[in-house]
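Reading the structure
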Amino acid sequence: MSSTMSSTQPPIIDIRGLSLAYARDGRRTEILSALDLAVPRGQFLVIVGESGVGKSTLLRVLIDLAKPSSGTVRLETDPGTLTPMALVFQDARLLPWRRVIDNVAFGLERHGLSKPERRARAAAMLKLVGLSDLAGRWPHQLSGGQRQRVAIARALAVEPEVLLMDEPFSALDSFTREGLQDEIQRIKAQTGKTVLFVTHDIDEAVYLADRVVVLAGSPGRIAADVTLAPPRPRQRRDAALVEAARHLRAELSRRSAEL
Ligand SMILES: Nc1ncnc2c1ncn2[C@@H]1O[C@H](COP(=O)(O)OP(=O)(O)OP(=O)(O)O)[C@@H](O)[C@H]1O
Ligand SMILES: [Mg+2]
């Protein structure tokens, strides 16, 4: 385990000195403070940390939904990309009045593609997540895991260079969750995308990640930055992953004891 990066390419995301404060009860509360984080292209980065530490806020900054008080966020994304980043939430947030295929095509409407082009791309994304057979269903006719796969297909349809995922599997039972963990690794391998994935689940983090960053403290800072080397496909009980999980748990409890 180490915190060094070997890539010589410029990072796809380069965050320097990022601070963010919200005004609450007439007072400014700093949520994130002096955060530096460089993400190499193609990395599967997992962010863990206690509830309220600022994980979702960090993703919101990246997708331009929250404005930092100071610092810079540099994106080395391709200027020709439709959407540099797409976000998958904890709940699928599908439109109930649209069939599955039209939910997946939804984000493409503002990109000037014709309806047949949108449908074709949506169908390809449904195939990628293994849901081709359900294209004509309504969201209420899907299981939670299927809905989440539709949300992933919808995010991928706009061909983002970076896929942001905010606790995307935490509302699912452990059996479905493990299936989707394998699926997202397969999709990652197939598309080569950079993934920023937030979770509370340390076992999930070490199973998925090339690198795990721990956010801790108030305001939130990077408390640990761990690279995970085991090759894929991984074994859930791999000794190196079990050891990394133990180290991260110890780091998290040490940090929360300090506060
Ligand atoms: N729009 C807002 N205005 C004021 N405070 C906010 C706003 N959004 C979030 N916060 C506060 O910022 C802090 C960080 O919130 P954030 O949602 O980023 O946490 P999180 O790490 O994602 O937590 P969780 O694991 O529970 O999702 C919390 O204390 C939250 O109450
Ligand atoms: Mg959150």
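Residues numbered from 1 in each chain as written. Chains lettered and ligands numbered in written order. Predicted model: local features only at pLDDT ≥ 70, side-chain atom pairs only at ≥ 80, totals over all residues. Heavy atoms only, no water.

Here we take up the pairing of strand β2 (residues 27–39). The pairing of strand β1 (residues 13–24) with β2 spans nine bridges and is classified as antiparallel. Its bridge partner being in β2, Ile 13 is matched across the sheet by Val 39. Where β1 folds back on β2, the antiparallel hairpin that results is connected by two residues, among which Asp 25 adopts a positive phi of roughly 50 degrees. (Pairing = 2+ DSSP bridges. Helix = DSSP H or I, 4+ residues; strand = E, 2+ residues; numbered from the N terminus.)

Below, the discussion takes up unusual backbone geometry. A cis geometry characterises the amide bond from Ser 218 onward to Pro 219, with omega recorded as 0 degrees. Along the chain, the position of Pro 219 falls in the loop between β8 (211–216) and β9 (221–227). Cis rather than trans, the peptide bond between Arg 232 and Pro 233 has omega equal to -5 degrees. With respect to the secondary-structure elements, Pro 233 resides in the loop between β9 and α7 (239–258). Phi angles above zero are rare outside glycine, and Ala 34 is one such case at about 45 degrees. Relative to the elements of secondary structure, Ala 34 occurs in strand β2. Classification of Ala 34 by relative accessible area gives partly exposed; the value is 48%. Not every positive phi belongs to a glycine, and Glu 167 is a case in point at roughly 50 degrees. On the secondary structure map, Glu 167 appears in the loop between β6 (162–166) and α5 (174–191). (Buried < 20%, exposed > 50% of the residue type's maximum accessible area, 1.4 Å probe, protein only.)

This paragraph deals with the site of ligand 1. In the vicinity of ligand 1, 13 residues are found, and the nearest of them are Ser 51, Gly 52, Lys 55, Ser 56 and Thr 57. Lys 55 places a side-chain nitrogen or oxygen 2.7 Å from an oxygen atom of ligand 1. Considering ligand 1 on its own, with 630 Å² of exposed area, one finds that the protein chains cover 64% of that surface. Mapped onto the shell around ligand 1, the elements with two or more residues apiece are β1 and α1 (55–62). Among the elements that line the shell around ligand 1, the one with the most residues is α1, at three residues. (Near = heavy atom within 4 Å. Polar contact = N/O pair within 3.5 Å; in protein donor to acceptor, adjacent residues only side chain to side chain. Areas by Shrake-Rupley, 256 points an atom, 1.4 Å probe, with all protein chains shown as cover.)

Strand order in the open sheet formed by three strands is β2-β1-β4, with antiparallel pairing between adjacent strands. The outermost strands of the open sheet, each flanked by one partner alone, are β2 and β4 (70–75). When the angles between neighbouring strand axes are averaged without regard to direction, this sheet yields 30 degrees. The strands touched by α1 within the sheet are β1, β2 and β4, with β1 carrying the most contacts at an inclination of about 115 degrees. (Axes fitted to C-alpha atoms, helices over the stretch in contact; angles between N-to-C directions. Contact = heavy atoms within 4.5 Å.)

For the rest of this paragraph, the subject is the pairing of β6. For β6, the tally of buried residues reaches five of five residues, placing the bulk of the element in the interior. Where burial is concerned, the two faces of β6 agree: the one with Val 162, Leu 164 and Asp 166 and the one with Leu 163 and Met 165 are both buried. Examined bridge by bridge, strand β5 (residues 85–88) and β6 share four bridges and lie parallel to one another. Bridge pairing in β6 places Ala 86 opposite Leu 163.

In this section: the packing of helix α3 (residues 115–128) against helix α4 (residues 144–157). In contact at an axis separation of 9 Å, α3 and α4 are set at 130 degrees when each is read in the N-to-C sense. By the angle class used here, α3 and α4 are oblique. As α3 runs across α4, the sense of the crossing is right-handed. Within the contact between the two elements, α3 uses Arg 121, Met 125, Leu 126 and Leu 128 and α4 uses Ala 153, Leu 156 and Ala 157. (Parallel < 35°, antiparallel > 145°, perpendicular 65-115°, else oblique. Left-handed = near helix turned anticlockwise from the far one by under 90°.)

Such coordinate-based values are descriptive only and should not be taken to indicate function.
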